[in-house]
Amino acid sequence: MRVTPLRNFFLIPENYADSKSVLVHRFGELTRKIWHARNFKGQVSPHEFLQAVMKASKKRFRIGAQSDPVEFMSWLLNTLHTDLKSSRTKTSSIIHQCFQGELEVVKEINAKDGAETSRMPFLMLGLDLPPPPLFKDVMEKNIIPQVPLFNILKKFDGESVTEVVRPRVARMRYRVTRLPQYLILHMRRFTKNNFFVEKNPILVNFPVKNLELKDYIPLPSKEGKEERVRSKYDLIANIVHDGKPGEGAYRVFVQRKSEELW
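Residues numbered from 1 in each chain as written. Predicted model: local features only at pLDDT ≥ 70, side-chain atom pairs only at ≥ 80, totals over all residues. Heavy atoms only, no water.

## Comments concerning the pairing of strand E6 (residues 170–178)
And then number 1: Pairing of strand E1 (residues 101–110) with E6, which is carried by seven bridges, proceeds in the antiparallel orientation. Looking at the pairing, Glu 108 lines up with Arg 171 of E6.
And then number 2: Bridge analysis of strand E5 (residues 162–164) against E6 gives three bridges, and the strand direction is antiparallel. In the sheet register, Glu 163 faces E6, and the bridge partner there is Arg 171.
And then number 3: Turn length for the E5-E6 hairpin, with the two strands adjacent in sequence and antiparallel, is five residues. (Pairing = 2+ DSSP bridges. Helix = DSSP H or I, 4+ residues; strand = E, 2+ residues; numbered from the N terminus.)

## Focus: the sheet that holds E6
And then number 1: Here four strands make up an open sheet; going across it, the order is E2-E1-E6-E5 and the pairing antiparallel. Because the sheet does not close on itself, it has two edges, and the strands there are strand E2 (114–122) and E5. The sheet shows a mean angle of 35° between the axes of neighbouring strands, direction not considered. (Axes fitted to C-alpha atoms, helices over the stretch in contact; angles between N-to-C directions.)

## A short note on the environment of Pro 201
And then number 1: Its location among the elements puts Pro 201 in the loop between strand E9 (197–199) and strand E10 (203–205).
And then number 2: Residue classification places Pro 201 among the partly exposed residues on the basis of a relative accessible area of 33%.
And then number 3: Spatially, the C-alpha atom of Pro 201 lies 21 Å from that of Met 124, the residues being 77 residues apart in sequence.
And then number 4: Setting aside anything within four residues of it in sequence, one finds Pro 201 in contact with Pro 132, Ile 144 and Arg 189. (Buried < 20%, exposed > 50% of the residue type's maximum accessible area, 1.4 Å probe, protein only. Contact = heavy atoms within 4.5 Å.)

## Topic: the environment of Lys 55
And then number 1: Within the fold, Lys 55 resides in helix H3 (residues 47–56).
And then number 2: As a C-alpha pair, Lys 55 and Val 252 span 197 residues in sequence and 24 Å in three-dimensional space.

## Some words on the pattern of salt bridges
Close approach of charged atoms lets side chains of opposite charge pair.
And then number 1: Inspection of the entire model under this criterion finds 10 salt bridges.
And then number 2: Across the pair Arg 175 and Glu 104 runs a salt bridge whose closest N-O atoms are separated by 3.3 Å. On the criterion of sequence distance, the pair formed by Arg 175 in strand E6 and Glu 104 in strand E1 is long-range, its members being 71 residues apart.
And then number 3: Judged by its relative accessible area of 25%, Arg 175 is partly exposed.
And then number 4: The buried category is assigned to Glu 104, whose relative accessible area is 17%.
And then number 5: Between Asp 128 and Arg 188 there is a salt bridge, with the nearest N and O atoms lying 3.2 Å from each other. (Salt bridge = Lys/Arg side-chain N within 4 Å of Asp/Glu carboxyl O.)

Take a look at the structure:
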């Protein structure tokens, strides 16, 4: 709701009047409730929207049951895009206009076969955290280190190698070839195996304003021009997890731009 083009699109029902998706219309209704000029209450009920989510996701996301916000965000953006695109036989949608970027992926399985290069669209960028420390300090407490966001963004500098094991063992290199208007980053904090879920407690430091990506990862120029693309971002929302893996709760921080408060 803090993404201005997305909000403006859903404030006008005519923009998606042709859509047969209940989810699209319920999301539009919720947007209009929140931004209604005569709404003097401090909150609105999302119940109808949540019912549409439960039905459209075939109860994958249910009212009263906590879910992974990354899984929910990915599902919601892709579902809204598909439903909006099919409504007017378009190849794009307001979702992709706001959030879609592109990666160049270089995949090297072995030296004999050489490397494969492909382009991959994305709606979110997943960042890998360094492994947590195995040692404790003098007070016998686990040391929780901090890492700058710029360190883990190096994954997308086109040179850093990421080892993957599925579906085959390979060496991967990633480079951002197109930045979205609004960039969604998520830290891969949880790892699962056959027995339990682990949570990486490492803290990530990041600027609230003026995150300048071109200072840390190479970015493409506009086609036919030497001018660089816009690469500076301000934070408008953040989700954090408190507690143990599989338990705990998620908290959302949203910026009130008019008052510069969170």
